[in-house]
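Architecture and fold: a report
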Amino acid sequence: MKYRKLGHSGLMVSELTLGTLTFNGQAGFEKTGNVDVRQARRFIEIALERGVNTVDTADLYSKGGAEETLGEALGGNRQRVILATKARSPMSDDPNDSGATRFHLIKSCENSLKRLKTDHIDLYQIHNWDGVTPVEETLRALEDLVKSGKIRYFGTSNYTGWQMMKTLGCAEVNHLLKPVSQQIYYTPESREAEFELLPMALDQNIGTLIWGPMGEGLLTGTVQRNVKTPATSRQGNGWPEPYVHDMEHAYRVIDVLTEVGKEHNVSTARVCLAWLLTRPGITSLIVGNRTEQHLQDNLAAAELTLSEAQIKRIEQATRSAPRYPYWHRFTSGMDRLDPAEKVFLDEYQQTLEERKDLDRK
């Protein structure tokens, strides 16, 4: 297992993180899994043995149930892990039991501490943007939580690029602590983060944790062209995520990941994770599991080395169409490209060059 620095902090996190969405499985999360305390304890033991030092959860998961299961399962291993959780989501019908307000965040943090059976949270993440609460209020509440010792660092989750820059700018102007990380969705099938979120993270030295790196089961090998997806899987039981705009593109992605997997005699899921670990700006991939077998297979991705040719083949097969204003950068021959976006634009420029080659033929 390798370790990567989390943004502008000095904290080192494992390149794979143990996710807990599958823990408990109630209050609307029944379709994600129902890992109990005994299984969760075993998952933690396996993860620690393989070098994982980070565990991620959220108060939203099973409406506190996942945190409770994790708190029970951690036991004496609490001090061996970087414990991350999230807050902001509606936890009841009370209009103030939601959002990134001082009122809600401090209460949510205290509730999470009780459920997790700990006196501090290592990484506290705002689960989604709050378009009503002033950013300064959120930042001051988070800084107070740091000063009180209840949290060590804080980050964001599911923010857009402009929302993250607004947050960073507000912190800069008001001399407040800045978020050290973002948690976002990014897979070989869904590479939208390359246009704003990943360049922003590289430029601003923000760590990037990836949730759903296997597309919430879409890219594990259980979904295949012309084959009925098993009802025992998340993609076969009616779970609404992820949003897939072009299923034919998704099948092409699955095909190439499966092909490379056969070349290494490993699973489609393992190839998916191994490829993501080669991408610029990625700090850690969060892997959630229903079974011990899945966990062992996913953690083995840290030991899988893809060839340069395989990495390039997957990149070409998964590349989406360039978007404005990014395609305009290279179609107009612009110089002085920002290094934070050039690393991605160079790949998308190949699309233009390949098209020109086809026209010449």
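No experiment lies behind these values; they were computed from the predicted model shown.

For the rest of this paragraph, the subject is the sheet that holds strand E9 (residues 207-211). Sheet architecture is closed into a barrel: eight strands sit in the order E3-E4-E5-E6-E7-E8-E9-E10, paired in parallel fashion. Neighbour-to-neighbour, the strand axes of this sheet turn through a mean angle of 30°, independent of strand direction. Bridge analysis of strand E7 (residues 151-157) against strand E8 (residues 181-185) gives two bridges, and the strand direction is parallel. Residue pairing in the sheet places Thr156 in a bridge with Gln182 of E8.

Below, the discussion takes up the pairing of strand E3 (residues 16-19). Burial along E3 is two-sided: Leu16 and Leu18 facing one way and Thr17 and Gly19 facing the other are all buried. Pairing analysis gives three bridges linking E3 to strand E10 (residues 284-287), with the strands arranged parallel. Of the residues in E10, the one forming a bridge with Leu16 is Leu285. Regarding the hand of the β-α-β motif, the stretch spanning E3, helix H1 (residues 37-49) and strand E4 (residues 54-56) is right-handed.

Let us look at the packing of helix H7 (residues 247-264) against helix H10 (residues 308-318). One can describe the packing of H7 onto H10 by two numbers: an axis separation of 9 Å at closest approach and a directional angle of 170°. With respect to their mutual orientation, H7 and H10 come out roughly antiparallel. The handedness of the crossing between H7 and H10 is right-handed. Note on element contacts: H10 touches H7 through Gln310, Arg313, Ile314, Ala317 and Thr318, opposite His249, Val253, Val256, Leu257, Glu259, Val260, Glu263 and His264. Along the lines of polarity and charge, the residues of the contact of H7 with H10 split into six nonpolar, four polar and three charged.

Reading the values: the criteria
Just so you know, the residues in each chain are numbered from 1, in the order the chain's sequence is written. Where local features are concerned, this predicted model is filtered to residues with pLDDT of at least 70; where side-chain atom pairs are given and counted, the filter is 80 or more; whole-chain, interface and lining totals use all residues. Where side-chain values are given, they derive from all heavy atoms of the structure, hydrogens and water being excluded. A pair of strands counts as paired when DSSP detects no fewer than two bridges linking them. A run of H or I in DSSP becomes a helix once it reaches four residues, and a run of E becomes a strand once it reaches two; helices and strands are each numbered from the N terminus. Axes, fitted as lines to C-alpha atoms, cover a helix only where it is in contact. Angles between the N-to-C directions of the axes lie from 0 to 180 degrees. When a residue's accessible area, from a 1.4 Å probe over protein chains only, is under 20% of the maximum for its type it is buried; when over 50% it is exposed; and in between it is partly exposed. Seen with the strands pointing away from the viewer, any crossover whose path from the first strand over the helix to the second strand runs clockwise is right-handed. Here is the rule for angles: anything less than 35 degrees is roughly parallel, anything more than 145 is roughly antiparallel, 65 through 115 is roughly perpendicular, and the remaining ranges are oblique. Handedness of a crossing follows from how the near helix is turned relative to the far one, being left-handed for an anticlockwise turn of less than a right angle and right-handed for a clockwise one. Only heavy atoms enter the contact rule, under which two residues are in contact if any of them lie within 4.5 Å. Classification convention: Asp, Glu, Lys, Arg as charged; Ala, Val, Leu, Ile, Met, Phe, Trp, Tyr, Cys, Pro as nonpolar; all other residues, Gly among them, as polar.

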